[in-house]
Amino acid sequence: MQHFINVILPIPLEKLFTYSISASEFEILQPGMRVAVPFGKSKIYTALVYEIHLTPPEVYEAKEIHRILDEYPLVNEIQLKHWRWIADYYMCTMGEVFRSAMPSAFLLESETLILRNERGVVHEDDLKDDEFLVYEALQHQSMLRVDEIRAIVDIKNVLPILNRLLQKQIIILKDEIYERYKPKLVRYVKLGPRYTSEEKLEELLQSLTRAPKQSQVVLSLFQLQATTKKPVKVSDLELISGSSKAVIKALIDKGVLEEYQIQTDRISYDGTGNTFDLKALNEFQQKALEDIYLGFGANKVTLLHGVTSSGKTEVYVKLIEECINRGKQALYLLPEIALTTQLISRLQDYFGEKVSVYHSKYSIHERVEVWNNVLAKKEKAKIVIGARSALFLPYSDLGLVIVDEEHEGSFKQFDPAPRYHARDAAIVLSTLHQSNIILGSATPSLESYYNAQNGKYGYAHINRRYGNVLMPEIELVDLKEQIRKRRMKGHFSERLLQEITETLNNGEQAILFQNRRGFAPILECTTCGHSPQCPNCDVSLTYHQFKKQLRCHYCGHHIALPERCEACGSPSLDTKGFGTEQVEEELKGLYPNAKIGRMDLDTTRGKYGYEKIITAFEQQELDILVGTQMLTKGLDFRNVNLVGIMNADSLLNFPDYRAHERSFQLLTQVAGRAGRTQKRGKVIIQSYNPYHQILKQVSTNDYEGMFKEQLYEREQFLYPPLNRIIKITFKHRNFNTLNDAAEWFSKSLRNVFKKGILGPEYPPVARIRNQYLKNVIIKIPLGQPLGKTKNSIKRIENSFNAISQFRSVRVIYNVDHI
């Protein structure tokens, strides 16, 4: 009897592929194990076993698998169900979910090796220069990798060269699989087995009297063993004895010391082992906790709506403690990696080494170790804290999911597929595990608050700040008036400067918010009005003063700052608009003695980029911190008295149906960083339109008013939460082909759905990386079955792909577009 497996390949294929397996492999294999399989002519991929069965494929001959890669499943049954839901709901393939969910170290790649063809006859005169370079290199080396050939010929695309050499029968290609995860081994030393008795030890010390450095190493080893009672690392011994690696190596070679290696995790908790007791909750937190348990009792998703600095984290900590005491795992999701930095130390104070962290700033190897720890249900992975990718870890006993700052747009994945929303995917995950889930925010998204109002979600509210600290005082400054009266210094109003001066004089800190990085978004010639544009995208280049260059924030293209205008040759170039770099520079001129820091994408690129800035600001090494929206997300600074918003209008005037909701959330969150201990904080919002309804609602902290107004507007124009939205984006290099394709697709949609189709329309930036873009939006009423709607769209796409001229147009689905 023949056995078969269906596998998920890490490539965007609609269907699963079937491979044949032997009877002995059938005994070993289980769903969730990895296998290496041949695919196409010569490629070998890592695939994941989805199901085992006895039905051969009808259309093709099933190939045999290459080899089995695991002894036990790396992915469990619940994960596979969750992946299937993500693929179906977000209209992508299982392969895309598989590639996104697994740490890339688990996806073994086959690497193409280039070898010399011993049987080929070579006519050196027929070879072109670049071909001869490769041929000559293969005379000296038995095989070359593609990267090495790129370096030899100094060309990025070497495939044409390799194809020509293959046709001339000079080279042959071979695929080799290599494992990308390497465990970390730490070198330790102990005394050699010959010297365990006291007499031998005495002899040894006598013999080392002439070698004082070696003698010092041995004595240091005894000292370390006596004080730490733990194995001794080579690096520690080197440090304590003050000797070199060579001295220790000489002792190992003599057999005096014995070296051994221990596999250790790359991430380890190095705390003292003392954990603090949990803080007692105040009456408002206690009431909220009781309401949360009521929601959990009714098996509902529960929304915790607590004003900024109301102590939501302490409530979460109580819930985590209760979850761990039941022997379950807890997942704590955050929108921004910057936030994890602050929270890790707080959770480690309470739970010690039970906390694991998982996000994209960690290396491949570190992520594999966290994955393995969660899979093995180790004590050190009882609590997982991370950004949206932490959803995909192999939990087997999940008891609690916390989605903090649930309103954040960062929870939505934009590129590549799957374009999932971590909050919604977390709700489905908690349902699969039958665990509790809590969504927390000071400014909940309209959808979540709407669900809470309708009784679909449980609801808990904390309307007082912790320690009864007053909400910050918010003052709106009219920039038109300030400019008319000539009271501006650069981009700072007189009022904001007064407050900054007072704050610095009192030894307190200030945060300034400007939601644009770089120095200025536009560089313009004052003579002819020309501004440099990106050659690949439809945007102007942003000026970055620190690097003296113009950069495109969409594709990364950059050029040196031109001395003269490229169009007319005039040397008079001026900047328009302003970003965080310019705010930082103006501050340095106004307050030369103040220490000023900047927190945006440019300053937080490294693994510890966030940590360094946040720690410096926490420890009051910085007086003023300038930043983009990274600053808004739940960070807790004790000594901040003032928050300044440089320009609120850019947020309010954004062309998006969520612009007002987002502005309210962002401004309220930024304002919430001020005055979090005893003294009431102050917030200054600069705007050309201070009488805007949203700014009034922010200044009075009127979430209810904003919710009712926005909900009324969404009802009128059929937007979520009262309708669902699917955005379809078309991408192509040719402008006319894209237009024809988008028109054809939208006409077909109108034929099927009759109403609720918007577009096709160009987005604000209509070309990115030399690809033209066009969008179509489908509005789906809540009563209309979503599954049938998606199937209809997929059928239209199949007809669309059958038209030869449209086959190269890329169609991207974004379900629940935000």
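Further up the page is the structure itself.
Summary of the structure given here.

1. Some points on the overall build of the protein chain
For the protein chain, the helix and strand inventory stands at 26 helices and 35 strands. Its C-alpha radius of gyration of 31 Å places the protein chain within 12% of the 28 Å reference for a compact globule of 818 residues. On the principal axes, the C-alpha backbone points of the protein chain span a range of 85 × 75 × 70 Å. Relative to its full complement of 818 residues, the protein chain shows a buried share of 51%. When contacts within the protein chain are restricted to residue pairs at least 6 apart in sequence, those whose partners lie at least 24 apart make up 74%. Surface exposure of the protein chain reaches about 39400 Å², of which carbon and sulfur atoms provide 49%. Seen as two clouds, the 106 positive and the 97 negative side-chain charges of the protein chain have centres 3 Å apart.

2. Examining the pairing of strand S34 (residues 771–781)
The buried fraction of S34 amounts to eight of the 11 residues, a majority that puts the element mostly inside the structure. Bridging between strand S31 (residues 723–732) and S34 involves 10 bridges; their strand directions are antiparallel. Directly across from Ile728, in S34, lies its bridge partner Val776. Here three bridges tie strand S32 (residues 757–761) to S34, and the two strands are oriented antiparallel to one another.

3. With respect to the sheet that holds strand S19 (residues 458–462)
Pairing between sheet strands relies on hydrogen bonds along the backbone, with the strands arranged either parallel or antiparallel. Spatial ordering of the open sheet is given by S15-S16-S14-S17-S18-S13-S19, a layout of seven strands whose pairing is parallel. Of all the strands in the sheet, the pair left with one neighbour each is strand S15 (355–358) and S19. Each neighbouring strand pair of the sheet contributes to a mean axis angle of 20°, computed without reference to strand direction. In this sheet, strand S17 (residues 398–404) lies alongside strand S14 (residues 329–333) in parallel orientation, the contact comprising five bridges.

4. Side note on the packing of helix H25 (residues 735–753) against helix H26 (residues 786–802)
Following both chains from N to C, one finds H25 and H26 inclined at 140°, their axes separated by 10 Å at the closest point. The orientation of H25 relative to H26 falls into the category oblique. The handedness of the crossing between H25 and H26 comes out as right-handed. Listed contacts from H26 to Ala741, Trp744, Phe745, Ser748, Leu749, Val752 and Phe753 of H25 are Thr789, Ser792, Ile793, Ile796, Glu797, Ser799 and Phe800.

5. Here's the deal with the side chain of Glu508
With respect to the helices and strands, Glu508 occurs in the loop between helix H18 (494–505) and strand S21 (509–513). On the basis of relative accessibility, which here comes to 15%, the residue Glu508 falls in the buried class. If near-sequence neighbours (up to four positions away) are discounted, Glu508 is found in contact with Thr503, Asp623, Asn639, Asn641 and Lys679.

6. Digging into the environment of Thr46
With respect to the secondary-structure elements, Thr46 resides in strand S4 (residues 43–53). A sequence separation of 61 residues divides Thr46 from Leu107, and the C-alpha atoms of the two residues are 5.5 Å apart.

7. Some words on the sheet that holds strand S25 (residues 558–560)
Strand order across the open sheet formed by three strands is S23-S24-S25, with antiparallel pairing between neighbours. Every other strand in the sheet has two partners, leaving strand S23 (542–544) and S25 as the edge strands with one partner each. When the angles between neighbouring strand axes are averaged without regard to direction, this sheet yields 30°. Sheet topology note: the strand S24 (residues 549–551)/S25 ladder contains three bridges and is antiparallel. When the bridges of S25 are listed, Arg551 appears paired with His558.

Cut-off values and rules
Residues numbered from 1 in each chain as written. Predicted model: local features only at pLDDT ≥ 70, side-chain atom pairs only at ≥ 80, totals over all residues. Heavy atoms only, no water. Helix = DSSP H or I, 4+ residues; strand = E, 2+ residues; numbered from the N terminus. Rg over C-alpha atoms; globule rule 2.2 N^0.38 Å. Buried < 20%, exposed > 50% of the residue type's maximum accessible area, 1.4 Å probe, protein only. Contact = heavy atoms within 4.5 Å. Areas by Shrake-Rupley, 256 points an atom, 1.4 Å probe, with all protein chains shown as cover. Lys, Arg positive; Asp, Glu negative; His and termini not counted. Charge placed at Lys NZ, Arg CZ, Asp CG, Glu CD. Pairing = 2+ DSSP bridges. Axes fitted to C-alpha atoms, helices over the stretch in contact; angles between N-to-C directions. Parallel < 35°, antiparallel > 145°, perpendicular 65-115°, else oblique. Left-handed = near helix turned anticlockwise from the far one by under 90°.

Any functional reading would require information that these geometric values do not contain.
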